[in-house]
Amino acid sequence: MLFKFLKYLQPTNYFSLKNNAGETVFPDVNQLPFEIVNQLERDERFTSNLASEYDMSWQATQKGFIANTKDVITIESLPVIDNYIFIRKYFNKAWVFYVLFIRLVSFKNPFKEITAFFKSKNVTRSNYLKSPIKHKEWNVFNSSLIDKNPLVSIIIPTLNRYKYLKDVLEDLEKQDYNNFEVLVVDQSEPFREDFYQEFKLNLKVSYQKEKALWLARNTAIQSSKGDYILLFDDDSRVESDWISEHLKCLDFFNADMSSGVSISKVGAKVPANYSFFKESDQLDTGNVMIKRYVFEKIGLFDRQFEKQRMGDGEYGLRSYLYGFLNISNPYAMRLHLKVGSGGLREMGSWDAFRTKKIFAAKPIPSVLYLFRSYYGNSNARWALLRNIPMSIMPYQFKTNKFMLVLGIFVSILLLPIVIFQVLKSWRLSSIKLKKGALIETLD
């Protein structure tokens, strides 16, 4: 990590790890083109020049610079005060107090910590996301990949959502890119084979008796014919240029994966950090196009996540570690309805840290399996401390700051139960770790 304090705030971010070639996404500012440096802000409040350069490097990645991994930065330790300046610039002040508390109870030098905390108090939040790095050529770019007209395989697992699946398939009928097949893996009870007769699509429907999301996706990928795999959900709506925007993104950036963005309400704005192109630190299997050779190289989805959470997060991280380029694509947008029935809701918890039953494991064991597998036990514990208290409040209050803070105090009152939940999850994740990944190869 460029700044040490990020381990407390983003302990399981993809970019906290080097890939398998020993590279990071963070560029050496001194090697950046002038037109990129000109879109960054050098902050003279840092006490060291190195911290200022690291800050600009972090800005570049967050604002959408797609790194040339041959010119990655060498990471060295920075003064404590520069770490406080950094987190004050990019995180809510409540998290600054959180970090101070963590540092003090971790027996760091209290005089040095408190002095740095107060010396940095005049640093205000940056509005850097309002000025992302521009890719001016995008608007006039004519994709030769689209002209080549490759076959795209659209994968849709579905479970008891025929009402919404009808809209999904009708949206696909309206696509301006026509060379695609649709593979639906239907797990519904009862299975309605006649439902699919009305659609004018290259449609391949299979019935899967076992209710298993990752099995469904893996099976469909194995059966697909396209060199481009487009993963989709059965409760989503898209515009007519959805497929072509994904293909154009892959072509423009010479990327391996195009991760589209999601909104949950008609007319809602795309979140600021997803409103521009950047190297993606997540993967959403409800809206992502992946070149087939990625699956050939690193395998299919890990079935250790079956009926649990973060199987897509694991695949995104795995692909990053192998050096594949995943672009967050704001132009390939979907409306994710998040309907209250069917789908994953019938197989397990919808949220990684919010369980349905009070004595259930928290977080879902597959979450800790992911964290511990890739980031180690120490970072997994930091992630628990970062996320568990705020997950006490129900999902509908996920973006309500007051309720999240209230959740921290409620979690203290419920501490014995919370400890039980976490220890249960840790034990179950240990079983998964002992068993190992269940990743099949693409034949």
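Quantities reported herein were computed from a predicted structural model and do not represent experimental measurements.

The rules behind the values
Residues numbered from 1 in each chain as written. Predicted model: local features only at pLDDT ≥ 70, side-chain atom pairs only at ≥ 80, totals over all residues. Heavy atoms only, no water. Helix = DSSP H or I, 4+ residues; strand = E, 2+ residues; numbered from the N terminus. Buried < 20%, exposed > 50% of the residue type's maximum accessible area, 1.4 Å probe, protein only. Areas by Shrake-Rupley, 256 points an atom, 1.4 Å probe, with all protein chains shown as cover. Lys, Arg positive; Asp, Glu negative; His and termini not counted. Charge placed at Lys NZ, Arg CZ, Asp CG, Glu CD. Polar contact = N/O pair within 3.5 Å; in protein donor to acceptor, adjacent residues only side chain to side chain. Contact = heavy atoms within 4.5 Å. Axes fitted to C-alpha atoms, helices over the stretch in contact; angles between N-to-C directions. Parallel < 35°, antiparallel > 145°, perpendicular 65-115°, else oblique. Nonpolar A, V, L, I, M, F, W, Y, C, P; charged D, E, K, R; others polar. Pairing = 2+ DSSP bridges. Salt bridge = Lys/Arg side-chain N within 4 Å of Asp/Glu carboxyl O. Patch = residues over 30% accessible without salt bridge, like charges linked within 9 Å, V, L, I, M, F, W, Y side chains within 5 Å. 1 Å grid on protein atoms, 1.4 Å probe; cavity = no way out; pocket = protein on both sides within 12 Å on 5 of 7 lines; lining within 4 Å. Points joined across faces, edges and corners; volume = space filled by probe spheres on them. Phe/Tyr/Trp six-rings, centres within 6.5 Å; stacked < 30°, edge-to-face > 60°. Lys NZ or Arg CZ within 6 Å of the ring centre and 35° of its normal.

A closer look at the overall build of the chain
Counting secondary structure elements, the chain contains 15 helices and nine strands. Dimensions of the chain, computed from the C-alpha atoms along their principal axes, are close to 70 × 55 × 40 Å. Taking all 443 residues of the chain together, the buried fraction comes to 54%. Entry remark: accessible area of the chain is about 20900 Å², with carbon and sulfur atoms responsible for 54%. Taking the average location of the 60 positive side-chain charges in the chain and that of its 47 negative ones, the two points are 10 Å from each other.

Describing the side chain of Asp284
Among the structural elements, Asp284 can be located in the loop between strand S7 (278-279) and strand S8 (287-291). Among the polar contacts made by the side chain of Asp284, one reaches the side chain of Ser262 at a distance of 3.3 Å. Those residues in contact with Asp284, other than ones at most four positions away along the chain, are Ser262, Asp312 and Arg334.

Quick notes on the packing of helix H5 (residues 93-105) against helix H6 (residues 110-119)
Where H5 meets H6, the closest approach of the two axes is 10 Å, and the angle between their N-to-C directions is 170 degrees. Comparing their axes, H6 and H5 come out roughly antiparallel. When H5 is examined against H6, the residues Val96, Phe97, Leu100, Arg103 and Leu104 are found in contact with a partner set consisting of Pro110, Glu113, Ile114 and Phe117. For the contact of H5 with H6, the class distribution of residues is seven nonpolar, no polar and two charged.

Re the pairing of strand S6 (residues 257-263)
On a regular strand, each side chain points to the face opposite its neighbour's, so the side chains alternate between the two faces of the sheet. Counting buried residues in S6 gives six out of seven residues, a clear majority hidden from the surface. In the sheet, S6 pairs with S8 via three bridges, with the strands oriented antiparallel. Bridging from a neighbouring strand, Met257 pairs with Ile290 of S8. Note: S6 against strand S9 (residues 326-336), seven bridges, orientation parallel. Within S9, the position partnered with Val261 by the bridge is Met333.

Let's talk about the pattern of salt bridges
Counted under the stated rule, the structure contains 17 salt bridges. For the salt bridge of Asp43 with Arg45, the shortest nitrogen-to-oxygen distance reads 2.8 Å. Judged by relative accessible area, which is 4%, Asp43 ranks as buried. Under the relative-accessibility criterion, Arg45 is labelled partly exposed at 38%. Asp43 is paired through a salt bridge with Lys89; the nearest N and O atoms lie 3.2 Å apart. Of the two residues, Asp43 is situated in the loop between helix H2 (34-37) and helix H3 (49-63) and Lys89 in helix H4 (residues 80-90); the sequence distance between them amounts to 46 residues. Residue Asp43 shares its accessibility class with Lys89, and that shared class is buried. Connected through salt bridges with shared partners, the residues Asp43, Arg45, Asp55 and Lys89 form a single ionic network.

Comments concerning the side chain of Asp233
Mapped onto the elements of the fold, Asp233 is located in the loop between strand S4 (228-232) and strand S5 (236-238). Polar side-chain contacts of Asp233 include one of 3.1 Å to the side chain of Arg217. Excluding residues within four positions of it along the chain, Asp233 makes contact with Ile156, Val168, Arg217, Thr285, Gly286, Arg334 and His336.

What about a nonpolar patch on the surface?
The grouping of Phe101, Leu104, Val105, Ile114 and Phe118 at the surface amounts to a nonpolar patch, some 460 Å² of accessible area in total. For the nonpolar patch, the elements supplying multiple residues, two or more each, are H5 and H6. Among the elements that take part in the nonpolar patch, H5 stands out by supplying three residues, more than any other. Along the chain, the position of Phe118 falls in helix H6. With relative accessibility at 48%, the residue Phe118 sits in the partly exposed group.

Brief notes about empty space enclosed by the protein
Per the stated rule, a full pass over the model turns up three cavities of 30 Å³ or more. Lining of the largest cavity is provided by Met1, Leu2, Leu6, Gln10, Asn13, Phe15, Ser16, Phe26, Trp58 and Gln62.

Re unusual backbone geometry
Cis rather than trans, the peptide bond between Glu189 and Pro190 has omega equal to 0 degrees. The phi torsion at Asn254 lies on the positive side, around 50 degrees, for a residue other than glycine. Following the sequence through the fold, Asn254 ends up in the loop between helix H10 (242-253) and S6. Even without being a glycine, Met310 presents a positive backbone phi close to 75 degrees. Position of Met310 relative to the elements: it lies in the loop between helix H11 (292-298) and helix H12 (311-321).

What about the packing of aromatic side chains?
Here the structure, examined in full by the defined rule, presents 38 aromatic pairs. Measuring from centroid to centroid gives 5.9 Å for Phe3 and Phe46, while their planes differ by 35 degrees, and the two rings are tilted. Of this pair, Phe3 sits in the segment before helix H1 (6-9) while Phe46 is found in the loop between H2 and H3, placing the two residues 43 residues apart along the sequence. As far as burial versus exposure is concerned, Phe3 and Phe46 are alike and both buried. Seen from their ring centres, Tyr162 and Phe195 are 4.9 Å apart, and the 55 degrees between their planes marks the pair as tilted. Placement of Tyr162 in helix H8 (residues 162-173) and of Phe195 in the loop between strand S2 (180-186) and strand S3 (203-207) is noted, with a sequence separation of 33 residues between them. Take Tyr162: its relative accessible area is 9%, and that puts it in the buried class. A relative accessible area of 5% places Phe195 in the buried class. Linked through ring pairs, Phe3, Phe46, Tyr54, Trp58, Phe86, Tyr90 and Tyr128 together constitute an aromatic cluster. Sitting over the ring of Trp138, Lys248 keeps its end group 4.2 Å from the ring centre.

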